[in-house]
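# Summary of the model geometry
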Amino acid sequence: MSTFLRSFLTIVWFGLAAVLIAGLLLWVSSIVRPSKPNREKLLSYESGVDPIGEGWSQSQVRYYIFALLFVIFDVEAVFIFPWATQLERYGTFGLVEMGIFVFILLLGLVYAWRKGVLRWV
Amino acid sequence: MFAIDPMLNGELLWTPLVIVLLKVLAVFVTGLVATMLMVWFERKVISGMQNRIGPNKAGPFGLLQTLADGIKLFFKEDLIPERSDRFVFKLAPFLSFVPAFLSFAIIPLGGDFRDGNNGMVTWFGHTTRVQLADPPVGVLFALAISAIAVYGIMLAGWSSGSKYPLLGSVRASAQMVSYEAALGLSLGTVFLVTGTLSTSGIVAAQSSIGNWNVVATGVVPFVIFLIAATAELNRPPFDLVEAEQELVGGFNTEYSSIRFALFYLAEFMNTVTMSALIVTLFFGGPQPISFGGIVLDIPLVPNGLEGTIWLFAKVLVFLYIYVWLRATLPRFRYDQLMDLGWKVLIPASLGWFMLIAAQRLGRDQGWNTFVVTGVSVAVLGASYALLQAAFKVSAKQREAEGSMF
């Protein structure tokens, strides 16, 4: 196995340690804590009054559109980062190309803006 | 499972294995202790700013207050609401807690970066880094992990089957993904300047104050990163997620006992990690402060340890800034928050990225510096004017529709 994957494996061990610690905390607490549930305690919290209707209420579709927009810009980062580390290698051609790429992406943002997607109220 | 670790294949070498185990233990303990002290620090500093005394009973200066609170939470009844999705409800604290620790793994916690040592120190006759893992794409890993943390919050709110947590978590996800974009793009300039994605490489490139990325990239990416990081951490003034006055506690309203403690720990852990990441990326991490060839040397401390001291000193400054922001600024309105993220930070980070790219390429290819600067400033000015025009048009349209904001 390469050293590249080796360091990630260390991180996996570290993550397992974190999972173990969290599990240990929950386990210890499950031994020492009291458990006397009743109906009132298990109601979902709604500022002290009895909950009305379903807990899973509908939420605005806007949140979803923001998630979609995010995907565009995050994928863009995947293209930008490798180029950024190799700037000198691709020279002027790379710069112009990246300029065009960023311009098209900004056009997308402007389009979303024009369509009123970025408006909240 | 053990067989896939190359260190355990063939001849067993104990020293590297012990070093890795020691590192895991040390980083873990450092993380936990730093988190506990951060909770105390925040309460103490904010009470000072508000003319109160703050925690002062448990231990000297109230230092053990966090521990006392944690022990108290152990003995609290754990309630899982009837309506909740039980499996996801139990899974969510893990999804929040584990990523908080994972991103700590790639931060150089010390080491000797002077005299071309490149951050290597010698332990038990082995040269190693004071860093748990040093993947060549360390910063990318940190970004990926911070994106996973969104799941913890989203699922916690959704699985509660209650209205406040659901609202809080949907807000949180939208906010975090919006600022994640700006966070990532502002780092592009850092990669341009340092030419690497590994955290130790980025630290090694910042040998003196003039080379610190905060200077080398112009201050703009740092400011964008600081704002986006604050939003990513859901800290004030961007704490709409748990806006107490409207959402009770946000995504963790239904959580109690130690499950709540895990979320709480994760939140402060993330604050510490993000401060350490800012220091690593923009302020030279464990590098000592030096300017014009003069290095500020801490006397009597070996160079290998000094890095750790510098790192903690720098991180402390940013932790203080976070507490300061919380004490000073009122909360944003949601539409203001989204406007800031999408209409200011993202275009600004992209624009600055292209500007620095042109500058650096110009220097590399021997273009006329004045022409490059002139053209860049002209393009930047034009973009700014276009952006202002867009703001004006959208404001006018809103006014025509009779919208309040």
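How each quantity is defined
- Residues numbered from 1 in each chain as written.
- Chains lettered and ligands numbered in written order.
- Predicted model: local features only at pLDDT ≥ 70, side-chain atom pairs only at ≥ 80, totals over all residues.
- Heavy atoms only, no water.
- Helix = DSSP H or I, 4+ residues; strand = E, 2+ residues; numbered from the N terminus.
- Buried < 20%, exposed > 50% of the residue type's maximum accessible area, 1.4 Å probe, protein only.
- Contact = heavy atoms within 4.5 Å.
- Areas by Shrake-Rupley, 256 points an atom, 1.4 Å probe, with all protein chains shown as cover.
- Lys, Arg positive; Asp, Glu negative; His and termini not counted.
- Charge placed at Lys NZ, Arg CZ, Asp CG, Glu CD.
- Domains from an automatic or database assignment.
- 1 Å grid on protein atoms, 1.4 Å probe; cavity = no way out; pocket = protein on both sides within 12 Å on 5 of 7 lines; lining within 4 Å.
- Points joined across faces, edges and corners; volume = space filled by probe spheres on them.
- Nonpolar A, V, L, I, M, F, W, Y, C, P; charged D, E, K, R; others polar.
- Buried area = accessible area lost by both parts, 1.4 Å probe.
- Salt bridge = Lys/Arg side-chain N within 4 Å of Asp/Glu carboxyl O.
- Polar contact = N/O pair within 3.5 Å; in protein donor to acceptor, adjacent residues only side chain to side chain.
- Core = buried A, V, L, I, M, F, W, Y, C linked by side-chain atoms within 4.5 Å.

## Some words on the overall build of chain A
Of the regular secondary structure elements, chain A holds 4 helices and 0 strands. Counted from the first residue to the last, chain A has its helices and strands arranged as α-α-α-α. Over its C-alpha atoms, taken along the principal directions, chain A stretches across nearly 70 × 50 × 15 Å. Residue burial in chain A is summarised as follows: out of 121 residues, 36% are buried. Long-range pairs, those at least 24 residues apart, make up 55% of the contacts in chain A between residues at least 6 apart in sequence. In the form shown here, chain A has an accessible surface area of approximately 7,500 Å², with 70% of it arising from carbon and sulfur atoms. For chain A, the centre of its 10 positive side-chain charges and the centre of its 8 negative side-chain charges are spaced 4 Å apart.

## Concerning the domain arrangement of chain A
Accessible area lost on assembly of the parts is the figure often given for the size of an interface. Per the domain assignment, the segments making up chain A are domain 1 (1–34) and domain 2 (60–121). Using C-alpha coordinates to define each centre, domain 1 of chain A is positioned 36 Å away from domain 2 of chain A.

## Looking at the layout of surface pockets
Empty space within the largest pocket amounts to approximately 1,500 Å³. The wall of the largest pocket is formed by 42 residues, among which Leu106(A), Val379(B), Ser383(B), Tyr384(B) and Leu386(B) lie closest to the centre. Looking at the lining of the largest pocket, the elements with two or more residues in it are helix H4 (87–114) of chain A together with helix H12 (334–365) and helix H13 (369–401) of chain B. Sorting elements by how many residues they give to the lining of the largest pocket places H13(B) first, with 18 residues. Looking at the lining of the largest pocket residue by residue, the class counts come to 31 nonpolar, 8 polar and 3 charged. The space that makes up the second largest pocket amounts to roughly 990 Å³. Considering the residues around the second largest pocket, the lining is formed by 38 residues, among which Val39(B), Ala261(B), Tyr264(B), Leu265(B) and Phe268(B) are closest to the centre. For the lining of the second largest pocket, the secondary-structure elements that each account for two or more residues are helix H1 (3–32) of chain A together with helix H1 (14–49), helix H2 (65–74) and helix H10 (257–282) of chain B. For the lining of the second largest pocket, the element with the most residues is H10(B), which contributes 9 residues. In terms of residue class, the lining of the second largest pocket is built from 22 nonpolar, 5 polar and 11 charged.

## Observations regarding the interface of chain A and chain B
The interface of chain A with chain B comprises 72 residues on the first partner and 93 residues on the second. Together chain A and chain B conceal approximately 7,500 Å² of surface at their shared face, both sides included; 75% is due to carbon and sulfur atoms. The tally of links from chain A across to chain B stands at 1 salt bridge. In this structure, Arg33(A) and Asp78(B) form a salt bridge, with 3.6 Å as the shortest nitrogen-oxygen distance. In this assembly, chain A and chain B are joined by 2 residue pairs in polar contact (both at pLDDT 80 or more). Residue assignment for the side of chain A that touches chain B shows that the elements contributing at least two residues are H1, helix H2 (39–42), helix H3 (62–85) and H4 of chain A. With 21 residues, the top contributor of residues to the side of chain A that touches chain B is H1(A). For the side of chain A that touches chain B, the residue count by class is 44 nonpolar, 16 polar and 12 charged.

## Focus: empty space enclosed by the protein
Residue and element names in this part refer to chain B. In total, this model carries 2 cavities of 30 Å³ or more according to the counting rule given. The volume enclosed by the largest cavity comes to roughly 330 Å³. Looking at the largest cavity, it is lined by 26 residues, and the ones nearest its centre are Ser146, Ala149, Glu232, Leu233 and Asn270. Looking at the lining of the largest cavity element by element, the count peaks at 7 residues for H10. Looking at the lining of the largest cavity residue by residue, the class counts come to 17 nonpolar, 6 polar and 3 charged. Its volume calculated, the second largest cavity comes out at about 40 Å³. Around the second largest cavity sit Gly111, Asp112, Phe113, Arg114, Pro286, Pro288, Asn303, Glu306, Gly307 and Trp310, which together line it.

## Some points on the nonpolar core
Residues Leu187(B), Phe225(B) and Phe282(B) are the most contacted members of the largest nonpolar core, which totals 121 residues. Summarising the domain contributions, this core has at least three residues from each of domain 1 (1–34) and domain 2 (60–121) of chain A. The next biggest cluster of nonpolar side chains, apart from the first, holds 12 residues, and it includes Ala156(B), Ala172(B), Val241(B) and Tyr255(B).

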